[in-house]
Amino acid sequence: MDLWTDRTTTHKPVVYMIPEELFHLHYVLEQNIQSLEPGASDKIMFHQEGGIPLFDLLNALGMSGYDANVMFSKDMTVRLRLSSFQDGLPMDAASWLRQFLFDAKRLVVYVIKHQSGPTLLDILKSPVSMREEQAWQMFKQGEFKAENDLAPKRRWLSLGTSEEPLDLADLTLTQLKKLAFRLVLHLERCQVISEGGGYQDLINMIAHDITGKHTRRKQRSKEMKRMKKMLKHLDAKGKYLTDQAGKYEDYLSGCMKSMANKTWRSKKPKAALFTRQYYHLRGISKAGLPVPRFGTYCYTAKQLHDRKILVDLKYAGVKRSQYEKIAMVFSMAEPGIITVEASYQGWKHVPQEERHVMDTVAKTLQNATVIRLDLHYEDLLQSQFEGVYIIALIDGAVKVNLNLLIYFINKK
């Protein structure tokens with residue numbers, strides 16, 4: 001929030017935090033105090049600067065009690081009402097003078113709404129009739145009513161930090177005029193305005209503010225029109241993108257159903273004699289295992305690397321020269337889920353918790369560790385839509401060209 005918004009907003013923001021977030025915020029500030037307040041631990045600088053607010057606050061709070069293992073109820077919340085750091089700070093003489101001028105103009109406007117005269121001085125010195133007093137009482141009910149968002153700002157008048165704010169709703173019109181006259185005389189003593197023309201200078205200032213207010217109102221009206229036009233455009237664009245997302249999901253769902261319903265997928269895959277694919281299917285058949293419904297294909301890591309599908313493989317100390325010995329099987333038993341299995345006899349030292357064995361391949365191989373990974377076709381398409389070119393698998397140990405992988409899957 002910028003300074004001007006903070007000073008002009010009528011509703012101060014409220015933040016709701018759970019105790020866990022509050023303790024974690026304390027912990028983060030405590031751990032990064034040197035970055036936020038450089039030199040906070042330097043005692044010489046600390047005494048020369050007269051203390052550091054954030055450092056003093058953390059010292060007053062003590063050590064953070066944050067513990068990641070301790071969970072608090074989500075129903076417990078802390079309500080923090082934010083206030084400006086300038087609230088309650090004493091103002092200098094020039095600031096008070098500007099505030100007195102603003103208050104004087106405001107009170108004079110209230111007065112001249114209920115009384116008229118040749119000059120402002122004549123109005124302030126003239127007596128108040130019963131009719132004018134009744135009009136003022138009626139005016140206060142509408143001006144200072146609680147339902148109005150600006151009522152608190154209009155109702156209270158602060159005459160100094162040592163005095164309580166004055167409630168204008170409790171004043172009579174006569175008292176209001178005396179208070180306005182006192183402010184006008186104070187401004188005259190401070191040479192802000194002169195008595196010439198019955199304090200015409202103050203009337204001219206009010207007229208200038210009203211004229212400027214009209215100009216600002218016109219400017220805000222133009223800005224509102226531009227904002228409404230922009231919101232209308234964003235709303236139309238949002239509907240268009242939502243419609244496109246729906247069409248994309250329908251198309252993807254149709255593709256999945258089409259892949260599942262194609263009759264040629266249910267036929268027994270044919271492979272050329274004495275090829276790697278032939279021995280792969282033969283091994284599955286000998287093991288008495290069912291062939292995946294949507295096909296299964298066997299390649300070496302070298303073949304995939306030559307096709308630029310496999311970019312890099314840094315798993316369990318595998319070297320580039322060993323790619324030929326790594327068998328990689330792509331199969332699909334369920335629509336949209338591509339199972340990738342890699343086997344290599346040199347992976348005997350892989351930790352037990354990292355070994356994932358799948359029957360369709362493991363039973364056809366002897367003395368080899370099999371690594372299994374399931375890829376969801378929808379996730380691959382989403383990554384492609386987001387502009388991802390290279391995807392990392394198995395904690396970054398395997399890097400694959402996404403576009404070529406999707407092309408490979410679609411072709412098979």
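Read on for an overview of the structure. Bear in mind that the values here come from a model prediction, so they are computed numbers and not experimental data.

1. Side note on the overall build of the chain
Right, on to step 1. A count of helices and strands for the chain gives 16 helices and eleven strands.
Right, on to step 2. Within the chain, buried positions represent 31% of all 412 residues.
Right, on to step 3. Once local pairs closer than 6 in sequence are excluded, the contacts in the chain between residues at least 24 apart make up 61%.
Right, on to step 4. In the structure as shown, the chain presents an accessible area of about 27,900 Å², 56% of it carried by carbon and sulfur atoms.

2. Some remarks on a positive patch on the surface
Right, on to step 1. A surface patch of positive charge is lined by Lys113, Lys213, Arg216, Arg217 and Arg220.
Right, on to step 2. If you trace the backbone, arginine 216 turns up in helix H11 (residues 196-261).

3. Quick look at the nonpolar core
Right, on to step 1. Judged by nonpolar contacts, the single largest core of 32 residues is most densely connected at Ile326, Met328, Phe330, Ile338, Leu380 and Leu405.
Right, on to step 2. If you list the elements that add at least two residues to this core, you get helix H13 (301-306), strand S6 (310-313), strand S7 (327-334), strand S8 (337-344), helix H15 (377-385), strand S10 (390-393), strand S11 (398-401) and helix H16 (402-411).
Right, on to step 3. Counting residues per element, this core draws most heavily on H16, at five residues.
Right, on to step 4. Contact partners of leucine 405, with chain neighbours within four places excluded, come to Ile309, Phe330, Leu375, Leu380, Ile391 and Val400.
Right, on to step 5. Judged by nonpolar contacts, the second largest core, of 30 residues, contains Ala104, Trp136, Leu157 and Leu171.

4. Comments concerning a nonpolar patch on the surface
Right, on to step 1. A cluster of nonpolar side chains, namely Val15, Leu22, Phe23, Leu25, Val70, Phe72, Met76, Leu80 and Leu82, defines an oily patch on the protein surface of about 660 Å² accessible area.
Right, on to step 2. Counting residues per element, the nonpolar patch draws most heavily on helix H2 (residues 19-31), which supplies three residues.
Right, on to step 3. Take valine 70: it is sitting in the loop between helix H5 (53-61) and strand S2 (78-81).

5. Side note on the pattern of salt bridges
Right, on to step 1. Here the structure, examined in full by the defined rule, presents six salt bridges.
Right, on to step 2. A salt bridge links aspartate 209 to lysine 105; its shortest N-O distance comes to 2.6 Å. Residue aspartate 209 is found in helix H11, and its partner lysine 105 is found in helix H6 (residues 93-112); the two are separated by 104 residues along the sequence.
Right, on to step 3. Classification of aspartate 209 as partly exposed rests on a relative accessible area of 33%.

6. Quick word on H2
Right, on to step 1. In this model, H2 (13 residues) spans 18 Å end to end at C-alpha, consistent with the 18 Å of a helix rising 1.5 Å per residue.
Right, on to step 2. All of the buried residues in H2 are Pro19, Glu20 and His26. Each buried residue of H2 sits inside an arc of 130 degrees when the element is viewed along its axis, so together they form one side.

7. A closer look at the side chain of serine 64
Right, on to step 1. Within the secondary structure, serine 64 sits in the loop between H5 and S2.
Right, on to step 2. Taking the relative accessible area as the measure of exposure, serine 64 reaches 16% and is therefore buried.
Right, on to step 3. Not counting chain neighbours up to four residues away, the residues in contact with serine 64 comprise Phe23, His26, Tyr27 and Glu30.

8. Concerning a negative patch on the surface
Right, on to step 1. On the surface, Glu249, Asp250, Glu378 and Asp379 cluster together into a patch of negative charge.
Right, on to step 2. When contributions to the negative patch are tallied by element, the ones reaching two or more residues are H11 and H15.
Right, on to step 3. Structurally, aspartate 250 is set in helix H11.

9. Here we look at the environment of asparagine 401
Right, on to step 1. Within the fold, asparagine 401 resides in strand S11.
Right, on to step 2. Judged by relative accessible area, which is 5%, asparagine 401 ranks as buried.
Right, on to step 3. Leaving out residues up to four positions away in the same chain, asparagine 401 has contacts with Lys308, Ile309, Val311, Tyr389 and Ile390.
Right, on to step 4. For asparagine 401, the side chain forms a polar contact with the main-chain nitrogen of asparagine 403, separated by 3.2 Å.

Definitions and cut-offs
- Along every chain, residues carry numbers that run from 1 in the direction the sequence is written.
- Per-residue local features of the predicted model are confined to residues with pLDDT of at least 70, and side-chain atom pairs are confined, for both listing and counting, to 80 or more; whole-chain, interface and lining totals are unaffected and use all residues.
- Side-chain descriptors were evaluated using all non-hydrogen atoms of the structure, hydrogens and water having been removed beforehand.
- For the purposes of this entry, the term helix denotes a DSSP run of H or I that reaches at least four residues, the term strand denotes a run of E that reaches at least two, and both are numbered from the N terminus.
- Each residue's exposure class comes from its accessible area (1.4 Å probe, protein chains only) as a fraction of the maximum for that residue type: buried when under 20%, exposed when over 50%, partly exposed otherwise.
- The contact rule is simple, with two residues in contact once any of their heavy atoms fall within 4.5 Å.
- All accessible areas in this document rest on Shrake-Rupley with a 1.4 Å probe, and a residue is counted as covered only by the protein chains that are shown.
- Patch construction takes residues with relative accessible area above 30% that form no salt bridge. Like charges are linked within 9 Å, and nonpolar side chains (Val, Leu, Ile, Met, Phe, Trp, Tyr) are linked within 5 Å.
- Take a side-chain nitrogen of Lys or Arg and a carboxyl oxygen of Asp or Glu: if they are within 4 Å of each other, that pair is a salt bridge.
- Residues scored as positive are Lys and Arg, those scored as negative are Asp and Glu, and His as well as the terminal groups of each chain are ignored.
- To locate a charge, take NZ of a lysine, CZ of an arginine, CG of an aspartate or CD of a glutamate.
- Here, nonpolar core means buried Ala, Val, Leu, Ile, Met, Phe, Trp, Tyr and Cys residues that are tied together by side-chain atoms lying within 4.5 Å of each other.
- Expected span of a helix: the number of residues minus one, times 1.5 Å.
- Note: the arc covers the axis-to-C-beta directions of the helix.
- Two N or O atoms form a polar contact when they lie within 3.5 Å of each other; inside protein one atom must be a possible hydrogen donor and the other a possible acceptor, and for residues adjacent in sequence the pair counts only when both atoms belong to side chains.

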